[in-house]
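# Per-entry structural report
Residue-level listing of the chains:
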Amino acid sequence: MLLKLAWRNIWRNKRRTIITIVSIAFAVILSSLMRSMQLGSYERMVDNSVRFLTGYLQIHKKGYWDEQVIDNAFTPPSNLQKKVEGIANVEAAVPRLESFALASYQTKTKGALVIGIDPQKEAALTNVEDKIVQGKPFEIDEKHVLIGTGLAEYLKLSVGDTIVLISQGYHGANAAGKYAVCGLVQFGLPQLTNQAVFMPLPSAQYFFGAEQLLTALAVVTEHPKHVSSIEASLLQEVDTTALEVMNWRIMMPELIQGIEVDNISGIIMLMLLYVVIGFGMFGTFLMMTTERLYEFGVLLSIGMRRYKLQLIVFAEIIMLAMIAVLVGFALSIPLISYFYHHPISLSDTYKEAFEKFGIEAVYVFSLEPIVFTSQAWVVFFMALVLGIYPLYKIWKLDPVNAMREGR
Amino acid sequence: METTVAKKIVIKTENIAKTYHESKIPVQALKDVDLEIEEGEFTAIVGPSGSGKTTLLNIIGGLDKPSKGKIIIGDTDISNLKESQLIDFRLHHIGFVFQQYNLIPVLTAKENVEFIMLLQKKSEKEMEERAMKLLKEVGLEDKAKVRPSELSGGQQQRVAVIRALASRPKFILADEPTANLDSASAGNLLDMMARMNREENMTFIFSTHDQRVIDKARRVVTLEDGMIKYDEVR
């Protein structure tokens, strides 16, 4: 009967209860939406950076990461790729040879990142073929390259034109070549779009005079959650005196820091929102207590133990918070699902500003359970903290005074 | 030869005094009150406002502690009990009827009567049977599933009285039970309590200003300035 009593007490003042539920639910929707957008953007940023640049894990020559030059390329052991691909949850091992070059077309020159790829393996990492926005699908060979749209725009060239690449090859060799542009590619990551030149791995090895060499073997995982277990397996498979295994967190500390800083600002915004809602909740709990002082006094007088009365009020608070959270979930899940499947692309005005900071101009949303569970925990935690007031009031309640004051 | 059977004393107060220190000047609400209430009494405690009626009732009911003196209920000196012991004592031995908002508004009449038995951890069957029996006795069995807001003031007080009775207490303390009732309702309520007093030998102690209650009482204790001025048995 105590639970029944608590349930009915919630609905004693329907209007107030509904207003409280709506305000908490609104906070849950708003904070879930904000959090989903934030986490979705982080996932996208990580995915763009990690998948397109480094892979979640990478094997390279010891010291390469600190000095990323062609001279730090390595000759992969013959069975390395097979061994890596044999590890559980590894989707692919993608060989790469990367270095910088000057790209020229007519009178324009720009620094470019020449990436030698294995087109079939690369499908698992950058999926270049899907990123082609102009030109024929993936017809690169020793004479043809794909370049980023940003680079093409800067050089004012289009598909069919010839690009000249000049660089320093392996151990100081001269590297120069001209290639026909067979297609333009566009990535979510502006820095890649603005400087990438893709060519087949053998062509890149020939261009840089680095026969059979790789700068990295990127490891594509089936899911980011498998990174640490795969890393542990890789460390057993790889000769760690010559090579090193790095995960994306070590390779991209700036990305992690950027996300952490942004995350803190997002959390501060959420906290401000919850402080406002907290006052609303406290107002309700305060009313629930003060308007029932006489009744509490009567209940204590007739022989109800204080803890039972506290349990009833506590149950009311928890039930109220639970209903509000459930209503919030019921409304926010479809809303966020919609945005998850239909990310918000920003207009060209904002796009330029975003891309200046190397950020893709699109708001993507996350459907990770933590988006919702974290809101539930926050509301419950707030309810527990704010619920201390009525529980304390009951603990200190003198039935005689309560009945006198509550009349 | 005529035999006199000594009646059992239910409540005995010995020199109880109560001083409030709420303001700078201490207020003495009760001064050396000695009172004995026997089983089956129908007693009204009367007196002007501030005479100490409610304080006396609260002390007898274990809701307030005296500054001095003893209160013995049955064989127990409740002036020395701890708060948790007092709560249990009230639950099992004392019935309360208050002036207003007596009932839990979100429970039905029957649930209100059952509530006190629930606190006493009685079985569902016993709660159900006793609640229905008591509701029937006061003519409210058809209102069993009705919430207090749908009952008249008089009906609410009748439910409050049977809720007090439901726990099978030693006596019932009623603080101005008719204060918010019209004459007819007050009359009905008093008749009902008088009948219970007669038929079940239940002891009733009222604090009241109401002449109708005073007229029905078989003993009237008049308080003035915290002291018993008259104690009249009719």
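Reading guide: rules and limits
Residues numbered from 1 in each chain as written. Chains lettered and ligands numbered in written order. Predicted model: local features only at pLDDT ≥ 70, side-chain atom pairs only at ≥ 80, totals over all residues. Heavy atoms only, no water. Domains from an automatic or database assignment. Core = buried A, V, L, I, M, F, W, Y, C linked by side-chain atoms within 4.5 Å. Buried < 20%, exposed > 50% of the residue type's maximum accessible area, 1.4 Å probe, protein only. Helix = DSSP H or I, 4+ residues; strand = E, 2+ residues; numbered from the N terminus. Pairing = 2+ DSSP bridges. Contact = heavy atoms within 4.5 Å. Buried area = accessible area lost by both parts, 1.4 Å probe. Salt bridge = Lys/Arg side-chain N within 4 Å of Asp/Glu carboxyl O. Axes fitted to C-alpha atoms, helices over the stretch in contact; angles between N-to-C directions. Lys, Arg positive; Asp, Glu negative; His and termini not counted. Polar contact = N/O pair within 3.5 Å; in protein donor to acceptor, adjacent residues only side chain to side chain. Parallel < 35°, antiparallel > 145°, perpendicular 65-115°, else oblique. Left-handed = near helix turned anticlockwise from the far one by under 90°. Nonpolar A, V, L, I, M, F, W, Y, C, P; charged D, E, K, R; others polar.

### Concerning the domain arrangement of chain A
- Segmenting chain A into domains produces domain 1 (2–48 + 255–405) and domain 2 (63–240).
- Summarising the inter-unit geometry, the C-alpha centres of domain 1 of chain A and domain 2 of chain A are found 48 Å apart.

### Some details on the nonpolar core
Residues and elements named next belong to chain A.
- Counting residues in each nonpolar core, the largest one holds 176 residues, and the members touching the most others are I59, I147 and I163.
- Residue contributions to this core peak at 14 residues, all from helix 12 (residues 306–341).
- Residue contributions to this core reach at least three from each of two domains, namely domain 1 (2–48 + 255–405) and domain 2 (63–240).
- Residues I117, V128, A196 and F198 belong to the second largest nonpolar core, which totals 14 residues.

### Brief notes about the sheet that holds strand 1 (residues 9–20) of chain B
- Pairing in this open sheet of 4 strands is antiparallel, and the strands run 2-1-4-5 (chain B) from one edge to the other. Two strands close off the open sheet at either side, each with one partner strand: strand 2 (27–38) and strand 5 (76–77) of chain B.

### Structural notes on helix 1 (residues 2–10) of chain A
- Those residues of helix 1 of chain A that sit buried are L5, A6, R8, N9 and I10 of chain A.
- On its buried face, helix 1 of chain A sits against helix 2 (14–54) and helix 12 of chain A together with helix 3 (109–119) of chain B.

### Concerning the interface of chain A and chain B
- Across the contact, 25 residues belong to chain A and 31 residues belong to chain B.
- Around 2,500 Å² of area is buried between chain A and chain B when both sides are counted, 62% of it from carbon and sulfur atoms.
- Of all residues in chain A, M1, R8 and I302 of chain A bury the most surface against chain B, accounting for 27% of the area lost on that side.
- Connecting chain A to chain B are 4 salt bridges.

### Regarding the pattern of salt bridges
- Considering all chains together, one arrives at 25 salt bridges over all chains under this definition.
- With a shortest N-O distance of 2.7 Å, R305 of chain A and D88 of chain B are connected by a salt bridge. Placement of R305 of chain A in the loop between helix 11 (293–301) and helix 12 and of D88 of chain B in helix 2 (residues 83–93) is noted, with the two residues assigned to different chains.
- Take R305 of chain A: its relative accessible area is 28%, and that puts it in the partly exposed class.

### Some points on the sheet that holds strand 8 (residues 203–207) of chain B
All names here are of chain B.
- Here we have 6 strands laid out as an open sheet, ordered 6-7-8-3-9-10, and mixed in their pairing. Across the chains shown, the open sheet's two edge strands, defined by having one partner strand only, are strand 6 (94–97) and strand 10 (227–233). Neighbouring strand axes in the sheet, compared pairwise and without regard to direction, differ in orientation by 20° on average.
- Looking at chain direction, strand 6 and strand 7 (residues 171–175) are connected through 4 bridges and run parallel. Its bridge partner being in strand 7, G95 is matched across the sheet by I172.
- The strands touched by helix 5 (residues 153–166) are strand 6, strand 7 and strand 8; relative to strand 6, the strand with the most contacts, the crossing angle is about 170°.
- Contacts between helix 6 (residues 183–200) and the sheet are confined to strand 3 (42–46) and strand 8, with strand 8 contributing the most and set at about 145° to the helix.

### Overview of the side chain of R35 of chain A
Residue and element names in this part refer to chain A.
- Mapping R35 onto the fold places it in helix 2.
- Notably, R35 is buried but unbridged: the nearest opposite-charge side chain belongs to D262, and the N-O separation is 7.3 Å.
- A polar atom in the side chain of R35 sits 2.8 Å from the side chain of Q38.
- In this structure, R35 is in contact with N263, I267, L270 and Q375, ignoring residues within four places of it in sequence.

### Regarding the side chain of R16 of chain A
- By the element assignment, R16 of chain A lies in helix 2.
- Among the residues examined, R16 of chain A registers a relative accessible area of 17% and is labelled buried.

### Some points on the packing of helix 3 of chain B against helix 4 (residues 124–137) of chain B
Residue and element names in this part refer to chain B.
- For the pair helix 3 and helix 4, the least separation of the axes is 9 Å and the interaxial angle reads 130°. One way to sum up the angle between helix 3 and helix 4 is to call them oblique. Taken as a pair, helix 3 and helix 4 cross one another with a handedness that is right-handed. Facing helix 3, whose interface residues are A109, K110, V113, E114, M117 and L118, helix 4 presents E126, M127, E128, R130, A131, M132, L134 and L135.
- For the contact of helix 3 with helix 4, a count of residues per class yields 9 nonpolar, no polar and 5 charged.

### Quick notes on the environment of S301 of chain A
- By the element assignment, S301 of chain A lies in helix 11.
- Classification of S301 of chain A as buried rests on a relative accessible area of 0%.
- Taking C-alpha positions, S301 of chain A is 9.5 Å from D398 of chain A, a pair spaced 97 residues apart along the chain.
- Excluding anything up to four places from it in sequence, S301 of chain A contacts P399 and M403 of chain A together with L63, R90, F96 and F98 of chain B.

### A short note on unusual backbone geometry
- Non-glycine residue Q212 of chain A carries a positive phi angle of around 65°.
- Within the secondary structure, Q212 of chain A is located in the loop between helix 7 (201–207) and strand 9 (216–221).
- Although it is not a glycine, N201 of chain B adopts a positive phi angle of roughly 60°.
- The topology assignment puts N201 of chain B in the loop between helix 6 and strand 8.

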